[in-house]
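What follows is each chain in one-letter form.
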Amino acid sequence: MRLGDVVRVRPGARVPMDGQVESGESDLDESLITGEPLPVEKRPGDRTVSGSPNGRGTFLVRVTAVGEESFLRQVIRSVEDARALKPGLLHLVDRVLRVYTPTVLLTAAGAALFWALISGDLQRAMFAGLSVLVMGYPCAVGISTPLSIVRGAGHAAERGVLMRTGEAFEGLRRVQRVVFDKTGTLTEGHPALRVIVPVACSEDELLAFAGAVEAGSEHPLARAVVDHAFERGIALPEVQGFEALAGLGVRARLGESPLIAGSPGFLANQAVNLGPHEERIRELESQGLTVIGVARERELLGLLALGDALRSDAAETVRRLHALGIRTSLIAGDSEQAARYFARAAGIPEVHARVLPGEKAAMIRKLQERERVAMVGDGISDAPALMQAEVGIAFGSGADIAIESADVIILNRRLSAMLDAYETSRYSYRKMVQNVSLAFVFNGIGIPAAATGLIYPIWGMVAMAASVTSIFVNSLWGRGAYFFDAIKGVGRQLQAPSTSEA
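Residues numbered from 1 in each chain as written. Predicted model: local features only at pLDDT ≥ 70, side-chain atom pairs only at ≥ 80, totals over all residues. Heavy atoms only, no water.

> So what's going on with the overall build of the protein? Residues and values would help.
A count of helical and extended segments in the protein gives 19 helices and 18 strands. Buried positions account for 47% of the 502 residues belonging to the protein. Per element, the accessible surface of the protein, about 23,600 Å² overall, is 57% carbon and sulfur. (Helix = DSSP H or I, 4+ residues; strand = E, 2+ residues; numbered from the N terminus. Buried < 20%, exposed > 50% of the residue type's maximum accessible area, 1.4 Å probe, protein only. Areas by Shrake-Rupley, 256 points an atom, 1.4 Å probe, with all protein chains shown as cover.)

Here it is in structure tokens:
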């Protein structure tokens, strides 16, 4: 594919290249790219971004960028840059072995040299050196990390969390700030009917009229209205003369009566009086919702508000993070108004709206100058930021590049699963410290004793086997602790309703 080529994008397909619409109309889902939850209508002259799923329309696109200049290639380059700039984590065992290994080698050489010079007994000198090397062999220290990680990874998987990297275990427990993407992460990520405001009829009648006139439309908001009407078991009357007006609304005839549905501006142009309801419309729009009015014979029947919704466990997850002393931020690619509304609903104090994909990683780097950061996202535009953060957390239902850039994958749809990952990180690190301490208890006693030359190397092997066995037992000794944690969690959930009632 070359610059200037014209490509037809069919219904349900993805836009193959960045380009400009030549002819035709449709709506593109750009939520994974821009963060905007509602599909964006595309007409001749509008720009398209590669990777965007097409709606039910078809159109021709003239290719304007290929190769290194395409949007997806720029995202990949940003991910690679973020990987290079990502702060490295030196793990506990790495730090220990940097000092431990030279110390054991010097002690073994010193013990052998000491007995060779002082007593002239070469056998005792050889036994002393070999016993120190055998007793100090870092096998127990070396397996302390893998065992704790394997145990923690298994526990996390039981709770629907995949811990992909060592950074997930070492870094997550040290995180001081969690940055959330909005669309599809903090919110559900798809439009649905959220508020029904009947004016001149009942709710069911309003949905019947709205569903009837919207049934012929291919727009995602229209489909959301029709789906909601069917979910409530409402029968839709038949209409005639359906006509869709791109970007405005739809109209049809119900018997001899004209029936219209669309934006408040469209209804106002059709001489529908919205004056008494303007304040209510502004209130709904301030919540990040899209308002559709339904009118019959120029009489307003009611209002429907559609939009994204906060995940059911988002506010509780943020509250628990704050209780742990972890600060939170929200990064969104869409409007300031919508971002601030969802941030208030979730209890997030810091908001950054209209952030371009290339700016997210730079914003994470700026935060990292003063604190350790975890990023939670699911979109293509989140991938560089996920890679840049000390720990990236992505949903398994997100974009492939976001999953590849993350350290932790949430396999279920619970945002609160990131708290399970945090607790797993803390538990695994605690087990790792215990294992290293056990290894040094054996080595701390055994190495000085071996340096005397009175212990045969075979007893050093026995001591080493005992230390490895103790670490195995300690790593597996955690089921009881997890059981009691689960019981406490159930207890908190049972107490929650009574607390709120009080």
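> Describe unusual backbone geometry, and please don't skip the residues or the numbers.
One non-glycine residue, R298, lies in the positive phi region at around 65°. Relative to the helices and strands, R298 resides in the loop between strand 12 (290–296) and strand 13 (299–307). Given the relative accessible area of 61%, R298 is considered exposed. Located in the positive-phi region is R354, a residue other than glycine, with phi close to 55°.

> Tell me about the nonpolar core, residues and numbers included.
The biggest cluster of nonpolar side chains holds 35 residues, and the ones touching the most others in it are V178 and F180. Setting aside anything within four residues of it in sequence, one finds V178 in contact with L321, I326, R327, T328, S329, A374, V376 and M418. (Core = buried A, V, L, I, M, F, W, Y, C linked by side-chain atoms within 4.5 Å. Contact = heavy atoms within 4.5 Å.)

> Could you give an account of the packing of aromatic side chains, with specific residues and numbers?
Aromatic ring pairs are described here by two measures, namely the spacing of the ring centres and the angle between the planes. Following the criterion strictly, the structure yields 2 aromatic pairs and no others. A ring pair is formed by Y341 and F342, whose centres lie 5.3 Å apart and whose planes are at 75°; its orientation type is edge-to-face. Y341 gets classed as partly exposed once you look at its relative accessible area, which sits at 26%. Geometry around F395 places R413 over its ring, the cationic atom sitting 5.6 Å from the centre. (Phe/Tyr/Trp six-rings, centres within 6.5 Å; stacked < 30°, edge-to-face > 60°. Lys NZ or Arg CZ within 6 Å of the ring centre and 35° of its normal.)

> Talk me through the packing of helix 8 (residues 203–214) against helix 9 (residues 220–231); I want residue IDs and the actual numbers.
Put simply, helix 8 and helix 9 touch, their axes get as near as 9 Å, and they point 135° apart. In this view, helix 8 runs oblique relative to helix 9, as classed from their interaxial angle. In the packing of helix 8 onto helix 9, the handedness of the crossing is left-handed. Contact residues: L207, A210, G211 and E214 in helix 8; A222, V225, V226, H228 and A229 in helix 9. For the contact of helix 8 with helix 9, the per-class residue count stands at 6 nonpolar, 2 polar and 1 charged. (Axes fitted to C-alpha atoms, helices over the stretch in contact; angles between N-to-C directions. Parallel < 35°, antiparallel > 145°, perpendicular 65-115°, else oblique. Left-handed = near helix turned anticlockwise from the far one by under 90°. Nonpolar A, V, L, I, M, F, W, Y, C, P; charged D, E, K, R; others polar.)

> Got a sec to walk through the packing of helix 5 (residues 139–158) against helix 17 (residues 417–451)? Specific residues and values, please.
In contact at an axis separation of 8 Å, helix 5 and helix 17 are set at 155° when each is read in the N-to-C sense. By the angle between their directions, the pair helix 5 and helix 17 is classed as roughly antiparallel. Between helix 5 and helix 17 lies a crossing whose hand is right-handed. Note on element contacts: helix 17 touches helix 5 through T424, S428, K431, M432, N435, V436, A439 and F440, opposite A140, V141, S144, T145, S148, G152, H155 and A156.

> Could you give me a rundown of the pairing of strand 14 (residues 327–331), with the residues and numbers involved?
Burial analysis of strand 14 places 4 of its 5 residues in the buried class, the great majority of the element. Note that strand 14 and strand 15 (residues 350–352) share 3 bridges and pair parallel. Note that in strand 15 the partner of L330 across the bridge is V351. Read as a crossover between parallel neighbours, the route from strand 14 over helix 13 (residues 336–346) to strand 15 is right-handed. (Pairing = 2+ DSSP bridges. Right-handed = clockwise from strand over helix to strand, strands pointing away.)

> Can you lay out the pattern of salt bridges for me, pointing to particular residues and giving the numbers?
Overall, the coordinates contain 18 salt bridges when judged by the stated rule. The partner of E22 in a salt bridge is R62, with the nearest N and O atoms 3.2 Å apart. Taken together, the positions of E22 in strand 2 (residues 18–28) and R62 in strand 5 (residues 58–65) put the pair 40 residues apart, joining distant regions of the chain. Relative accessible area serves as the criterion here: at 36%, E22 is assigned to the partly exposed category. Judged by relative accessible area, which is 33%, R62 ranks as partly exposed. A salt bridge links D181 to K360; the nearest nitrogen and oxygen atoms lie 3.4 Å apart. Taken as a pair, D181 in strand 7 (residues 177–181) and K360 in helix 14 (residues 357–368) lie far apart in primary sequence, 179 residues in all. For K360, a relative accessible area of 2% translates into the label buried. (Salt bridge = Lys/Arg side-chain N within 4 Å of Asp/Glu carboxyl O.)

> I'd like a description of helix 8, backed by residues and values.
With 12 residues, helix 8 ought to run about 16 Å at 1.5 Å a step, and its terminal C-alpha atoms sit 16 Å apart, in line with that. Counting buried positions over the 12 residues of helix 8 gives 9, a clear majority of the element. Among all positions in helix 8, only L206, L207, A208, F209, A210, G211, A212, V213 and E214 are buried. (Expected span 1.5 Å × (residues − 1).)

> Can you break down the environment of L259 residue by residue, with the values?
With respect to the helices, strands and loops of the structure, L259 is situated in strand 11 (residues 257–262). Note on L259: relative accessible area 0%, which makes it buried.

> I'd like to hear about the sheet that holds strand 7, residue by residue, with values.
With respect to topology, 7 strands assemble into an open sheet ordered 6-18-17-16-7-14-15, the strand pairing being mixed. Sheet topology places strand 6 (161–163) and strand 15 at the edges, where each strand pairs with a single neighbour. Neighbour-to-neighbour, the strand axes of the sheet open up by a mean angle of 20°, direction not taken into account. Alignment of strand 16 (residues 373–377) against strand 17 (residues 391–395), held across 4 bridges, turns out to be parallel. In the strand pairing of strand 17, V376 is matched with I393.

> Outline a nonpolar patch on the surface, supporting the account with residue identities and numerical values.
There is a patch of nonpolar side chains on the surface, built from Y456, I458, W459, M461 and V462 and spanning about 560 Å² of accessible area. Tracing the chain through its elements places W459 in helix 18 (residues 457–476). The exposure class assigned to W459 is exposed, which follows from its relative accessible area of 56%. (Patch = residues over 30% accessible without salt bridge, like charges linked within 9 Å, V, L, I, M, F, W, Y side chains within 5 Å.)

> Tell me what's going on with the confidence of the model for the protein, and back it up with residues and numbers.
Low pLDDT means the predicted coordinates in that region are not meant to be read closely. Model confidence for the protein is summarised by a mean pLDDT of 80, while 87% of its residues fall at 70 or above. Segment residues 479–494: pLDDT under 50, and 6 contacts once partners within four positions in sequence are set aside and those in other chains are kept. (pLDDT = per-residue confidence, 0-100.)

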